[in-house]
Amino acid sequence: MSADRVPVADRFEWFNDLVASALIPTAIRSERSADFRAEAAMLDLGAVQVSSFSHSPLSSRRTPALIRRGDPEQYQLALITGGRWWMSHQGGDEEIGVGDMILWDTSRPQETVAHPGEGLSRSIILHLPKDALPLRSGRVDGLLGRRIAAHSGMAAVLARFVSSLGEHGSACEPQELRRLGSVAVDLAAACLAHRLDAYGELPAEARERALRERIDRFVEHNLGDPALTPGLIAAAHGISVRSLHALVRERGESIGAAVRRRRLERARADLARPELAGRPVHEIAARWCFTSAPAFSRAFRAAYGLSPTEFRWAAAREAAAARRTRAPGGADPRPTPPGRAG
């Protein structure tokens, strides 16, 4: 949804109505109300919802009267992806920037100022029903309105997950979205529990799902490391190799097979990148820890039905066709086939 589709004079009022219906009733002011810019997207994950906002500078207040007017009884957790926020909530004042998160209770007053910096202010907000979090409300109160730095640990895992929801969630099927909703609750609970030193209070199932997600993120981050073995993965998470295999067994794929599949996916993506067209196939394979070119070629063909070279040529041909479609008059040079001078 974009304010660009609304008459200029009505855009600020449109955004106010959108925030009230999608988030919470809030009194919003902006020095840019006459030429207000905003975009928003909503994603329903069943157990939770996700909303993404980008907008001109503004300030907002949630008063007791507005709380009486409408309260979804949620914790809402924002990841800042552009600009800076200042928030006053539960007796504390916090300033947060890109990569930080902050939690608030929709049943309590708050005041927020969003400074966009050079562009629009951007955030992704996770809507968590209070009864969905397996933590006592009194414990959570200590985190309300406090900056959550997301550069390491469970906070980093949660922030990357929320960011990926905002970027790719709309492409998921309904069944996938419901599963992601359960994961979102578990990761949020694990992140908050870690900060409260209350991880042991979480149900065993929630701890398992959060651990699985941490392992997934660790593997993704270290795919280019030849030393990425089940032993290393297990040691990094304080569990035995046997426990690691048991944890991932329900997915029907061993941890070794999962690492190999993800490395093939990364190599495939690199082979399709125009800026890497001059990089030999064996170098791309080696970047993702395939040290034998013939073995890489066999694994690639088994996974995708084409050799790496054939796939690269097909991807270049598709990209050229797309450029011709976009270019005025349809003029665009065709890619040079493998083995020919260009």
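Higher on the page you've got the structure.
Residues numbered from 1 in each chain as written. Predicted model: local features only at pLDDT ≥ 70, side-chain atom pairs only at ≥ 80, totals over all residues. Heavy atoms only, no water.

Q: Give me the sheet that holds strand 7 (residues 92-96): which residues, what numbers.
A: Ordered in space as 1-4-9-6-7, the 5 strands form an open sheet in which the pairing is antiparallel. In the strand order of this sheet, the two ends are held by strand 1 (27-29) and strand 7, each with one partner. Going across the sheet, the axis of each strand differs from the next one's by a mean of 10°, ignoring polarity. Alignment of strand 6 (residues 84-89) against strand 7, held across 5 bridges, turns out to be antiparallel. Directly across from M87, in strand 7, lies its bridge partner E94. Against the sheet, helix 1 (residues 11-22) touches strand 1 and strand 4 (58-62), its axis set at about 150° to strand 1. (Pairing = 2+ DSSP bridges. Helix = DSSP H or I, 4+ residues; strand = E, 2+ residues; numbered from the N terminus. Axes fitted to C-alpha atoms, helices over the stretch in contact; angles between N-to-C directions. Contact = heavy atoms within 4.5 Å.)

Q: So what about the sheet that holds strand 11 (residues 147-149)? Which residues, and what values?
A: Hydrogen bonds along the backbone pair up the strands of a sheet, which may run parallel or antiparallel. Here 6 strands make up an open sheet; going across it, the order is 2-3-10-5-8-11 and the pairing antiparallel. Each edge of the sheet is formed by a strand with only one pairing partner; in this case those strands are strand 2 (38-44) and strand 11. Here the strands of the sheet are splayed against their neighbours by 20° on average, with no regard to which way each runs. Strand direction decides the pairing type here: strand 3 (residues 49-55) and strand 10 (residues 121-129), joined by 7 bridges, are antiparallel. Of the residues in strand 10, the one forming a bridge with S52 is I124. Along the sheet, helix 5 (residues 174-196) makes contact with strand 2, strand 8 (100-105), strand 10 and strand 11, crossing strand 11 at roughly 100°.

Q: Now, about helix 1: what can you tell me, with residues and values included?
A: Between its terminal C-alpha atoms helix 1 stretches 16 Å, which fits the 16 Å expected from 12 residues at 1.5 Å a residue. Among all positions of helix 1, only R11, F12, F15, N16, L18 and V19 are buried. One side of helix 1 carries all its buried residues, which in axial view fall inside an arc of 165°. Set apart from the buried face of helix 1 by more than 90 degrees, the exposed residues are E13 and S21. Check the buried side of helix 1 and you find it contacts strand 1, strand 2, strand 3 and strand 4. (Expected span 1.5 Å × (residues − 1). Buried < 20%, exposed > 50% of the residue type's maximum accessible area, 1.4 Å probe, protein only. Arc of directions from axis to C-beta.)

Q: With reference to specific residues and values, describe unusual backbone geometry.
A: Backbone geometry places E73, a non-glycine residue, at a positive phi of 55°. Along the chain, E73 falls in the loop between helix 2 (64-69) and strand 5 (74-82). Positive phi outside glycine occurs at C289, with the angle close to 70°. With respect to the helices and strands, the residue C289 is situated in the loop between helix 10 (281-287) and helix 11 (293-304). Given a relative accessible area of 18%, C289 falls into the buried group.

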